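Residue-level listing of the chains:
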There are 2 protein chains.
Amino acid sequence: MEEDVLYHLDLGTKTHNLPAMFGDVKFVCVGGSPNRMRAFAQFMHKELGLAGDGEDLADICAGTDRYAMYRAGPVLSISHGMGIPSISIMLHELIKLLHHAKCRDVTIIRIGTSGGLGIEAGSVVITDMAVDSSFKPRFEQVVLDDVVVRSTELDRDLAEELLTCSKEIPDLPTLIGHTMCTYDFYEGQGRLDGALCSFSSEKKLDYLKRAYDAGVRNIEMESTAFAALCRLCGLRAAVVCVVLLDRLEGDQIRAPREVLREFQHRPQRLIAAFIRKRLGLRPPAGNTLCPTE
Amino acid sequence: MEEDVLYHLDLGTKTHNLPAMFGDVKFVCVGGSPNRMRAFAQFMHKELGLAGDGEDLADICAGTDRYAMYRAGPVLSISHGMGIPSISIMLHELIKLLHHAKCRDVTIIRIGTSGGLGIEAGSVVITDMAVDSSFKPRFEQVVLDDVVVRSTELDRDLAEELLTCSKEIPDLPTLIGHTMCTYDFYEGQGRLDGALCSFSSEKKLDYLKRAYDAGVRNIEMESTAFAALCRLCGLRAAVVCVVLLDRLEGDQIRAPREVLREFQHRPQRLIAAFIRKRLGLRPPAGNTLCPTE
């Protein structure tokens, strides 16, 4: 292909010097919300002790509002929106970007929010295996007339390394578990409070308890596609999500905004500690501050 | 339910007076990009001859970056991100909002972009039926352990009314056809230019030609879930998408930005004319201008 237009990132091989812009990227962190991923890049900027205050980081994808992308040293921070289709478009174009930029030894981590199963709100779950709504570690991809089944196992060593890291951070309850990935937030996750609901509270709880018994500790909407695509493309990948509520106790997210903000910062703190450790850097002073989003 | 928190819209029944804010809404227009939906609200503001220049419309969902929402008179303009999961979260919360606000006789229209099949770039397709990747008019929704199959037929009278409207607008090639909805932009739409590709150009073209023979004229990523959910909740719904390229001729979107911008404005012009007609309003002077996004 003479030219590759990464349409949804507003980047391309003819319009941008991708090796110069991205060749030294070693960590890619992705998450749903553009504001949160900007805040994460600003936080990493401080955590890595980079020059300047990091408040005015430019959105590398400023020409489009589909995704937002920021850089802090060797760390790329990108938003992916909500759901499998949205993250899948971003990943296809990101993986092509890393290829065109000739990046080597890249670790990719999804940091996000999720509903918990039988664990306290605020807990951080490191995914060992992403499972579908039947609790199976697989991702079904439609390719023309066929449905191709792909494995959703994540890098076990990376998950253990992250768990070890978490133990050195105060007030960061962290565990390894399966993550269930659904195509919908309401009916698909057994919520009773959507615009449509055709099942009882008993049926919902029976389903969620069976998920718990199968090893599921949290539920979100991107991990199976993320795990499958990264695995097939040879990227070491992890999923680290905080839980905003325990779904065995309710459906609505009612915690005060300040509490949710602190929860959402937890995966960021863990990943910052992990990246610093990998780079052999010490934490800067005051690193437990929660940045403004 | 004592309180209903519409989490992803950052609205709720206790924190907001939804009937006062939304009770008189008659048209809801939804589309993927937040910037485009702001531009549409500004455009509608002018088209409806409302007071002020409409440049400083406030984002009603400013407390979250998941979706953006703007109002121009009886028209609500909301972004839904990319893909079925993302639009489905927004629709559940929007439909609850319309219910809480006691809205009556609401028409909902998705205006978007798509890949065309055998039609010229810039054509506008009004969907009569949203079909899945097997060309069937159905949406499969996982509900706990079951897969529920839902109809994806759209309002035929509304589609015809829109087509009639289009005939009165110069330079707006418009047709009615089936719209294929996929879970992925690359492999799921038979593109050869994703990070992964396991099929030949011949297999791709064979698939796309069969889609054409089944009546498919464009491909996007939200219409089946949109049609199914609106139909079940009794909302008259339409899907109106411009095509950015002919997929029988290529995969990459290469048209210059200015051309794409004018294409993306076409569904907006059609819907503005339709709403004006419904409200018995005449077009303002200079209504063919393409607003800045």
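Residues numbered from 1 in each chain as written. Chains lettered and ligands numbered in written order. Predicted model: local features only at pLDDT ≥ 70, side-chain atom pairs only at ≥ 80, totals over all residues. Heavy atoms only, no water.

Draft legend 1. Region of the structure containing the overall build of chain A. Secondary structure summary: chain A contains 7 helices and 12 strands in total. Taking 2.2 N^0.38 as the reference for a compact globule, 293 residues should give roughly 19 Å; the C-alpha atoms of chain A span a radius of gyration of 19 Å, in line with that estimate. Seen along its three principal axes, the alpha-carbon backbone of chain A occupies a region of about 55 × 55 × 35 Å. Taken across its 293 residues, chain A has 60% of its residues classed as buried. Accessible area for chain A stands at about 11200 Å²; split by element, carbon and sulfur atoms hold 50% of it. With 34 positive and 40 negative side-chain charges, chain A shows a separation of 3 Å between the mean positions of the two kinds. (Helix = DSSP H or I, 4+ residues; strand = E, 2+ residues; numbered from the N terminus. Rg over C-alpha atoms; globule rule 2.2 N^0.38 Å. Buried < 20%, exposed > 50% of the residue type's maximum accessible area, 1.4 Å probe, protein only. Areas by Shrake-Rupley, 256 points an atom, 1.4 Å probe, with all protein chains shown as cover. Lys, Arg positive; Asp, Glu negative; His and termini not counted. Charge placed at Lys NZ, Arg CZ, Asp CG, Glu CD.)

Draft legend 2. Just the pattern of salt bridges, in detail. All names here are of chain A. The tally for this structure, following the rule as stated, stands at 43 salt bridges over all chains. As a salt-bridge pair, Lys-14 and Glu-2 come within 3.2 Å of each other at their nearest N and O atoms. Of this pair, Lys-14 sits in the loop between β2 (11–12) and α1 (18–22) while Glu-2 sits in the segment before β1 (5–6), and the two are 12 residues apart along the sequence. Of the two residues examined, Lys-14 and Glu-2, each falls in the exposed class. (Salt bridge = Lys/Arg side-chain N within 4 Å of Asp/Glu carboxyl O.)

Draft legend 3. Representation of the packing of aromatic side chains. Tallied over the entire structure, the rule returns 7 aromatic pairs over all chains. Aromatic side chains Tyr-183 of chain A and Tyr-183 of chain B sit 4.9 Å apart centroid to centroid with 70 degrees between the ring planes, which places their arrangement in the edge-to-face category. One end of the pair, Tyr-183 of chain A, is in the loop between β10 (174–181) and α5 (201–213); the other, Tyr-183 of chain B, is in the loop between β10 (174–181) and α5 (201–213), on a second chain. Seen from their ring centres, Phe-185 of chain B and Tyr-186 of chain B are 5.1 Å apart, and the 75 degrees between their planes marks the pair as edge-to-face. This pair shows no difference in class: Phe-185 of chain B is buried, exactly as Tyr-186 of chain B is. Above the plane of the ring of Phe-185 of chain A lies Arg-191 of chain A, whose end atom (NZ or CZ) is 3.7 Å from the centre. A cation over an aromatic ring shows up here: Arg-217 of chain B above the ring of Tyr-212 of chain B, its NZ or CZ 3.7 Å from the ring centre. (Phe/Tyr/Trp six-rings, centres within 6.5 Å; stacked < 30°, edge-to-face > 60°. Lys NZ or Arg CZ within 6 Å of the ring centre and 35° of its normal.)

Draft legend 4. Expanded view of the packing of helix α4 (residues 156–167) of chain A against helix α7 (residues 257–279) of chain A. All names here are of chain A. Between α4 and α7, whose axes approach to 9 Å, the crossing angle comes to 105 degrees. The angle between α4 and α7 places the two elements in the roughly perpendicular class. Facing α4, whose interface residues are Leu-158, Glu-161, Leu-162, Cys-165 and Ser-166, α7 presents Leu-270, Ile-271, Ala-273, Phe-274, Lys-277 and Arg-278. When its residues are assigned to classes, the contact of α4 with α7 shows 7 nonpolar, 1 polar and 3 charged. (Axes fitted to C-alpha atoms, helices over the stretch in contact; angles between N-to-C directions. Parallel < 35°, antiparallel > 145°, perpendicular 65-115°, else oblique. Contact = heavy atoms within 4.5 Å. Nonpolar A, V, L, I, M, F, W, Y, C, P; charged D, E, K, R; others polar.)

Draft legend 5. Quick peek at the UniProt feature "binding site: phosphate" (unreviewed entry) in chain A. Taking the UniProt record as the reference, the feature "binding site: phosphate" (unreviewed entry) is found at Arg-66, Arg-110, Ile-111, Gly-112 and Thr-113 of chain A. Not counting the four nearest positions on each side in its chain, Arg-66 of chain A is found in contact with His-8 of chain A together with Gly-32, Ser-33, Arg-36, Met-82 and Thr-113 of chain B. With respect to the secondary-structure elements, Thr-113 of chain A resides in strand β6 (residues 107–116). The residues contacting Thr-113 of chain A, other than those within four sequence positions of it, are Arg-36, Glu-220, Cys-241, Val-242, Leu-244 and Gln-264 of chain A together with Arg-66 of chain B. (UniProt positions renumbered as here; feature names shortened; annotations may be inferred.)

Draft legend 6. Structural view of the confidence of the model for chain A. With 97% of its residues at a pLDDT of 70 or more, chain A has an overall mean of 95. Both scores are given for the predicted complex: the pTM is 0.95, the ipTM 0.95. (pLDDT = per-residue confidence, 0-100.)

Draft legend 7. Main features of α5 of chain A. All names here are of chain A. Taking 1.5 Å per residue as the helical rise, α5 with its 13 residues ought to reach 18 Å, and the 18 Å between its terminal C-alpha atoms agrees with that figure. Of the residues making up α5, those classed as buried are Lys-204, Tyr-207, Leu-208 and Ala-211. Down the axis, α5 shows its buried residues gathered within 90 degrees of arc, on one side only. Opposite the buried face of α5, at more than 90 degrees from it, the exposed residues are Glu-202 and Asp-213. (Expected span 1.5 Å × (residues − 1). Arc of directions from axis to C-beta.)

Draft legend 8. Structural view of the interface of chain B and chain A. On the side of chain A, 63 residues touch chain B, which itself brings 63 residues to the contact. In this assembly, chain B packs against chain A so that about 5300 Å² is buried in total across both faces, 56% of it on carbon and sulfur atoms. Summed over the shared surface of chain B and chain A, the result is 8 salt bridges. In this structure, the salt-bridge partner of Arg-257 of chain B is Asp-10 of chain A, at a minimum N-O distance of 2.9 Å. For the side of chain B that touches chain A, the elements supplying multiple residues, two or more each, are α2 (34–47), α3 (84–100), β8 (138–143), α5, α6 (223–232) and α7 (257–279) of chain B. Sort the elements by how many residues they give to the side of chain B that touches chain A and α3 of chain B lands first, with 9 residues. Among the residues forming the side of chain B that touches chain A, the class breakdown is 27 nonpolar, 18 polar and 18 charged. (Buried area = accessible area lost by both parts, 1.4 Å probe.)

Draft legend 9. The arrangement of the pairing of strand β7 (residues 124–131) of chain A in detail. Residues and elements named next belong to chain A. Across the 8 residues of β7, 8 count as buried, placing the element largely inside the fold. Pairing geometry for β7 and β10, over 7 bridges, is parallel. Within the sheet, the bridge partner assigned to Ala-130 lies in β10 and is Thr-179. The pairing of β7 with strand β12 (residues 236–246) spans 3 bridges and is antiparallel. Along β12, the bridge assignment pairs Val-125 with Cys-241. (Pairing = 2+ DSSP bridges.)

Draft legend 10. A look at the environment of Val-75 of chain A. Residue and element names in this part refer to chain A. Turning to its location among the elements, Val-75 is positioned in strand β5 (residues 75–79). With a relative accessible area of 2%, Val-75 lands in the buried category. Separated by 46 residues in sequence, Val-75 and Cys-29 have C-alpha atoms that sit 7.3 Å apart. Those residues within four positions of Val-75 in sequence are excluded, and the remaining contacts are Phe-27, Cys-29, Phe-40, Met-44, Leu-48, Tyr-70 and Ile-275.

Draft legend 11. Expanded view of the UniProt feature "binding site: substrate" (unreviewed entry) in chain A. All names here are of chain A. The sites that carry the UniProt feature "binding site: substrate" (unreviewed entry) are, in the present numbering, Gln-189 and Arg-191. With respect to the helices, strands and loops of the structure, Gln-189 is situated in the loop between β10 and α5. In this structure Gln-189 comes out as buried when scored by relative accessible area, which is 3%. Of the polar contacts made by the side chain of Gln-189, one reaches the side chain of Arg-191; its length is 2.9 Å. In this structure, Arg-191 sits in the loop between β10 and α5. (Polar contact = N/O pair within 3.5 Å; in protein donor to acceptor, adjacent residues only side chain to side chain.)

Draft legend 12. The arrangement of unusual backbone geometry in detail. Despite not being glycine, Lys-102 of chain A shows a phi value in the positive range, around 60 degrees. Position of Lys-102 of chain A relative to the elements: it lies in the loop between α3 (84–100) and β6. Taking the relative accessible area as the measure of exposure, Lys-102 of chain A reaches 60% and is therefore exposed. At Asp-105 of chain B, a residue that is not glycine, the phi angle is positive and equals roughly 55 degrees.

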